[in-house]
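Listed below, chain by chain, are the residues.
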There are 2 protein chains.
Amino acid sequence: MSRARQTVTLTADLVVLTIREGTLRALVVERGNEPFAGKLALPGGFLRGEESLDETAARELAEETGLSAEKLHLRQVGVYSAPDRDPRRPRVVTCAYLAIAPNLPLPTAGSDARSAHWLPVDLLQRSGLAFDHDDILRDALELARAELQFRTIATAFCGEEFTIGELREVYEVIWGVRLDKPNFHRKVTEAAGFVVRTGGKRPTANGRPAALYRAGAADTLTPPMMRPRPVEA
Amino acid sequence: MSRARQTVTLTADLVVLTIREGTLRALVVERGNEPFAGKLALPGGFLRGEESLDETAARELAEETGLSAEKLHLRQVGVYSAPDRDPRRPRVVTCAYLAIAPNLPLPTAGSDARSAHWLPVDLLQRSGLAFDHDDILRDALELARAELQFRTIATAFCGEEFTIGELREVYEVIWGVRLDKPNFHRKVTEAAGFVVRTGGKRPTANGRPAALYRAGAADTLTPPMMRPRPVEA
DNA sequence: GCAATAGTGTCTCTAAGACAGTATCAC
DNA sequence: GTGATACTGTCTTAGAGACACTATTGC
């Protein structure tokens, strides 16, 4: 039993998602040191003295994006503890977190903005990330897609004020589907506490201006937003 | 930054649920040592040398129940890492797992069956558990209730063969509701891959014998089982 | 026969999806 | 006016829920 109470090092890794230029993007940093020097990785950091992992994640999020964890729906994705997941040292275990950001003015405004970029997730999934971050990204995306159905987190991708069309784009980009505009409009405006009219309007390039909304008080979305089932072969 | 790479001890704690005598029960052990000596706690154990936390949980599950993790739907609930959650030592962080067991022949058949009991969860929630296990139990129950809606895990509470009435009891006990028998019957028998008729019958105490089913191949339940929304005030 | 539980038929109603039609802008 | 986008109305249909009804056992 000498190894029964092994000690490990803990980190919190972040999957921060946003939508920019019509594509779903995640915040990644370019690694400066070995291992995986030069490769892209999810931002993250070590657990410190008197904080919980949730607090570690919130602190890292603030450092990377300059945003508080309050409005970003920070949620645990899972724990990744394969013995060989970090070649540096035995046993670095990480807890992955999902955060959702609106389209930020700057790529990264934080103090620790070494080489952070918002890159499309499909690009990241094709090119591959350091460590087991491919697994983490996949699981975080799956969680985000599921949460869109039952919770009101889609508004977190939008700014303070947004149009129904922008909200619909969130669903379409993350689910990779096309949704019926009229039905979507009725659905979200009738769901209790999802969106609230501000009274303002936003001119469009070439059409009728869209009414502006802000996020409502509700946390869960009832009835849920139906996700079109993928077409079968 | 001297404390930046603090090391911690990791454990995996288990919420093993089953249904017995019409009540939802969880496996708990009576603690022999301080802290919390004499109090009830969730079973769990320390991460060992070359295993992942998932493997730690599976190993503990086998030790406590004698069952393999294969069929028990072992799933991560979350990480609990408050700095003061374990008064023994600085920083014992745990990852909680949910497992679902059929009505086992023995309370605990494993080798490490010190003082394990299947106790009703409402009793545990009233009397309180050691450490932060009240939080863990609450979160695990919430996860189990949610999974019942969208996945076919309800069959894991039943034995190899079961009747539709037994399956309905699973939903009724865990959700704490009454479900319409005819509608439930049609729903589960028509959901693709949820249950499969074996051809056998089980005599009842006083009525028509019930047809026997076994778990189907499907993992997700489409369409989902609707959960009656709690009555409002 | 009666009591009890298993299972079926059928109706109603909500809500999702399809899509025609109307409103409000730029030009 | 045309073209474009926002939004509304309405029909169809799938499925949840209510519940009457039939089936199969023990007594």
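Residues numbered from 1 in each chain as written. Chains lettered and ligands numbered in written order. Predicted model: local features only at pLDDT ≥ 70, side-chain atom pairs only at ≥ 80, totals over all residues. Heavy atoms only, no water.

Visitor: I'd like to hear about the interface of chain B and chain A, residue by residue, with values.
Guide: Chain B puts 29 residues into the contact, and the matching count from chain A is 29 residues. Around 2,700 Å² of area is buried between chain B and chain A when both sides are counted, 53% of it from carbon and sulfur atoms. Inspection of the region where chain B meets chain A yields 0 salt bridges. Where chain B touches chain A, the interface holds 9 residue pairs in polar contact (both at pLDDT 80 or more). Take the side of chain B that touches chain A: its biggest share by element is 4 residues, from strand 1 (residues 7-20) of chain B. The class makeup of the residues in the side of chain B that touches chain A is 13 nonpolar, 8 polar and 8 charged. The sheet contact formed by strand 1 (residues 7-20) of chain A and strand 1 of chain B spans 3 bridges and is antiparallel. Bridge pairing in strand 1 of chain B places V8 of chain A opposite V8 of chain B. (Contact = heavy atoms within 4.5 Å. Buried area = accessible area lost by both parts, 1.4 Å probe. Salt bridge = Lys/Arg side-chain N within 4 Å of Asp/Glu carboxyl O. Polar contact = N/O pair within 3.5 Å; in protein donor to acceptor, adjacent residues only side chain to side chain. Helix = DSSP H or I, 4+ residues; strand = E, 2+ residues; numbered from the N terminus. Nonpolar A, V, L, I, M, F, W, Y, C, P; charged D, E, K, R; others polar. Pairing = 2+ DSSP bridges.)

Visitor: Can you break down the protein's contact with DNA strand D residue by residue, with the values?
Guide: As a matter of local geometry, DNA strand D sits amid 20 residues, with P182 and A211 of chain A together with N183, K187 and R208 of chain B nearest to it. Between DNA strand D and R186 of chain B there is a distance of 3.4 Å, counted from a base nitrogen to a side-chain nitrogen or oxygen. In the model, a phosphate oxygen of DNA strand D is placed 2.6 Å from a nitrogen or oxygen of the K187 of chain B side chain. For the surface near DNA strand D, the elements supplying multiple residues, two or more each, are helix 5 (181-190) and strand 10 (210-215) of chain A together with helix 5 (181-190) of chain B. Looking at the surface near DNA strand D element by element, the count peaks at 4 residues for helix 5 of chain B. When grouped by side-chain class, the residues that make up the surface near DNA strand D number 9 nonpolar, 5 polar and 6 charged. (Near = heavy atom within 4 Å.)

Visitor: How would you sum up the packing of helix 4 (residues 164-175) of chain B against helix 5 of chain B? Please name residues and give values.
Guide: Residue and element names in this part refer to chain B. One way to put it is that helix 4 packs onto helix 5 with a least axis distance of 10 Å and a crossing angle of 105°. The pairing of helix 4 with helix 5 is recorded here as roughly perpendicular in orientation. Each of I164, L167, R168 and Y171 in helix 4 lies in contact with helix 5, whose residues at this interface are K181, F184, H185, V188 and T189. The class makeup of the residues in the contact of helix 4 with helix 5 is 5 nonpolar, 2 polar and 2 charged. (Axes fitted to C-alpha atoms, helices over the stretch in contact; angles between N-to-C directions. Parallel < 35°, antiparallel > 145°, perpendicular 65-115°, else oblique.)

Visitor: I'd like to hear about the pairing of strand 1 of chain B, residue by residue, with values.
Guide: All names here are of chain B. Taking burial as the measure, the 14 residues of strand 1 include 13 buried ones, the bulk of the element. Sheet topology note: the strand 1/strand 6 (residues 92-100) ladder contains 9 bridges and is parallel. By the bridge assignment, D13 is partnered in strand 6 with A96. Here strand 1 folds back onto strand 2 (residues 23-30), and the loop between the two strands holds 2 residues, one of which, E21, carries a positive phi near 50°. (Buried < 20%, exposed > 50% of the residue type's maximum accessible area, 1.4 Å probe, protein only.)

Visitor: I'd love a proper account of the sheet that holds strand 9 (residues 195-202) of chain A, names of residues and values included.
Guide: Residue and element names in this part refer to chain A. Strand order in the open sheet made by the 3 strands is 8-10-9, with antiparallel pairing throughout. Whereas interior strands pair on both sides, the edge strands pair on one side only; in this sheet they are strand 8 (162-163) and strand 9. The sheet contact formed by strand 8 and strand 10 spans 2 bridges and is antiparallel. Counted as the bridge partner of F162 is Y213 from strand 10.

Visitor: Let's hear about the pattern of salt bridges: which residues, and what values?
Guide: Applying the stated rule across the entire model yields 25 salt bridges over all chains. The closest approach of N and O atoms between R59 of chain B and E60 of chain B, which form a salt bridge, is 3.3 Å. Note on R59 of chain B: relative accessible area 16%, which makes it buried. The class of E60 of chain B is buried, set by a relative accessible area of 5%. One salt bridge connects E172 of chain B with R178 of chain B, and the closest N-O pair in it is separated by 3.5 Å. On the accessibility criterion, E172 of chain B (9% relative accessible area) is buried. One network of salt bridges, with partners in common, ties together E51, R59, E60 and E63 of chain A.

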